[in-house]
Amino acid sequence: MRPVSALLATFLLVLPSFAADQTREQRRLEACGQVLKEVLDIPDGIPQDLLNKAECVVVIPSVLKFAIGIGGDFGRGAITCRSGEHFTGLWSAPAMFALEGGNIGFQLGGQATDFVLLVMNPKGANSILGSKVKLGADASAAAGPKGRTAAADTDIVMKAEVLTYSRSRGLFAGISLEGSTLRSDGGANKNLYGRELSAKQIVRERKVATPASGRVLVAVLNKQSPKNLSDPKSLRE
């Protein structure tokens with residue numbers, strides 16, 4: 001009986017940890033929705049015309065935002081893209097993503113910092129969904145302009161594949177994240193969806209439906225930017 005009792009005790013000890021891992025991704029995804037909702041409600045925030053031309057949105061909430069309390073979780077969030085072959089449909093189920101290295105540690109500085117990234121063309125979207133990319137090297141990146149009427153046709157904005165923003169201590173601004181890397185968080189996706197899936201399978205191939213914890217994120221984008229207003233020719237390049 002002792003071996004059985006010992007095995008049962010071990011199982012009971014492991015079970016809470018496994019449950020906590022399962023809920024971590026759900027909390028993170030819920031935080032992504034809340035952060036994006038708050039950011040898009042900022043009057044002097046992301047220009048609407050830029051959001052309307054974005055193929056994908058990446059949201060990285062701060063650890064403090066959802067009270068995980070584990071420093072290593074900073075830089076973890078989610079990506080969602082417009083559905084359809086040419087990114088012309090509604091927003092997809094989210095894939096868990098990681099933003100690491102480069103300026104991340106510097107930007108954190110012990111503060112609660114949220115990041116929002118707009119992916120501005122199919123090339124950038126397919127690159128980010130397909131493999132780990134370094135911003136500024138594998139994908140061109142720039143600090144995003146802010147303000148509802150900010151000019152979105154400057155050379156920097158027009159050439160950038162990714163526009164980056166941050167919010168810290170209530171201050172919202174475009175910020176450079178060159179040198180940082182973006183990658184799919186495979187373990188988190190497996191925990192969230194119950195099986196191994198690539199970001200491309202989740203976002204582009206629609207292998208899964210949006211989980212309950214991701215509905216706010218997707219609903220906010222479907223409400224705020226239901227149609228892709230990019231030049232149709234650019235979506236077929």
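Predicted model only: the values in this text are computed from it and were never measured. Numbering of residues begins from 1 in every chain and follows the order in which that chain's sequence is written. In keeping with the predicted nature of the model, local features appear solely for residues at pLDDT of at least 70, side-chain atom pairs appear and are counted solely at 80 or more, and the whole-chain, interface and lining totals rest on all residues. No hydrogens and no water enter the side-chain calculation; it runs on all heavy atoms of the structure.

Here's the deal with the state of the cysteines
Disulfide: a pair of cysteine sulfur atoms within 2.5 Å of each other. Under the criterion given, the structure shown has one disulfide. Here Cys56 engages in a disulfide with Cys81; their sulfurs sit 2.0 Å apart. Given an S-S torsion of about 100°, the disulfide between Cys56 and Cys81 has right-handed geometry. Of this pair, Cys56 sits in strand S1 (residues 56-60) while Cys81 sits in strand S2 (residues 76-81), and the two are 25 residues apart along the sequence. Judged by its relative accessible area of 0%, Cys81 is buried. Here a strand is any run of E in DSSP of at least two residues, a helix any run of H or I of at least four, and the numbering for each starts at the N terminus. Partly exposed residues are those whose accessible area sits between 20% and 50% of the maximum for their type, while under 20% is buried and over 50% is exposed, using a 1.4 Å probe and protein chains only.

What about the pattern of salt bridges?
Every case where a carboxyl oxygen of Asp or Glu lies within 4 Å of a side-chain nitrogen of Lys or Arg is listed as a salt bridge. Tallying each qualifying case throughout the model produces nine salt bridges. Between Lys146 and Asp44 there is a salt bridge, with its nearest N and O atoms 3.9 Å apart. A residue pair is termed long-range when its members are at least 10 positions apart, and Lys146 in the loop between strand S6 (141-143) and helix H6 (155-159) and Asp44 in the loop between helix H1 (2-40) and helix H2 (48-51) qualify at 102 residues. Residue Lys146 is classed as partly exposed on the basis of its relative accessible area of 37%.

Re helix H5 (residues 122-130)
Every buried residue of H5 is accounted for by Pro122, Gly124, Ala125, Ile128 and Leu129. Viewed along the axis of H5, the buried residues span an arc of 160°, placing them on a single side of the element. When the buried face of H5 is taken as reference, the exposed residues oriented beyond 90 degrees from it are Lys123 and Gly130. The directions from the helix axis to the C-beta atoms are what the arc is built from.

Here's the deal with the side chain of Thr164
Position of Thr164 relative to the elements: it lies in strand S7 (residues 162-168). You can call Thr164 buried: its relative accessible area is 1%. Two N or O atoms form a polar contact when they lie within 3.5 Å of each other; inside protein one atom must be a possible hydrogen donor and the other a possible acceptor, and for residues adjacent in sequence the pair counts only when both atoms belong to side chains. Of the polar contacts made by the side chain of Thr164, one reaches the backbone oxygen of Ile175; its length is 2.3 Å. Look past the residues within four positions of Thr164 in its chain and what remains in contact with it is Val116, Leu117, Ala142, Ala143, Gly144, Gly174, Ile175, Ser176 and Leu177. Contacts: residue pairs with any heavy atoms within 4.5 Å of one another.

A closer look at unusual backbone geometry
Phi angles above zero are rare outside glycine, and Phe87 is one such case at about 60°. For Phe87, the position within the fold is in the loop between S2 and strand S3 (95-100). Judged by relative accessible area, which is 2%, Phe87 ranks as buried. Even without being a glycine, Arg206 presents a positive backbone phi close to 55°.

A word on the pairing of strand S4 (residues 113-119)
With seven of its seven residues buried, S4 lies for the most part within the structure. For two strands to be treated as a pair, DSSP must find at least two bridges joining them. Pairing analysis gives five bridges linking S1 to S4, with the strands arranged antiparallel. Each bridged residue has a counterpart across the sheet, and for Val57 the counterpart in S4 is Leu118. Relative to S7, S4 runs antiparallel, the two sharing seven bridges. Paired with Val119 across the strands is Val162, a residue of S7.

Bear in mind that shape data such as this cannot, by itself, settle questions of function.
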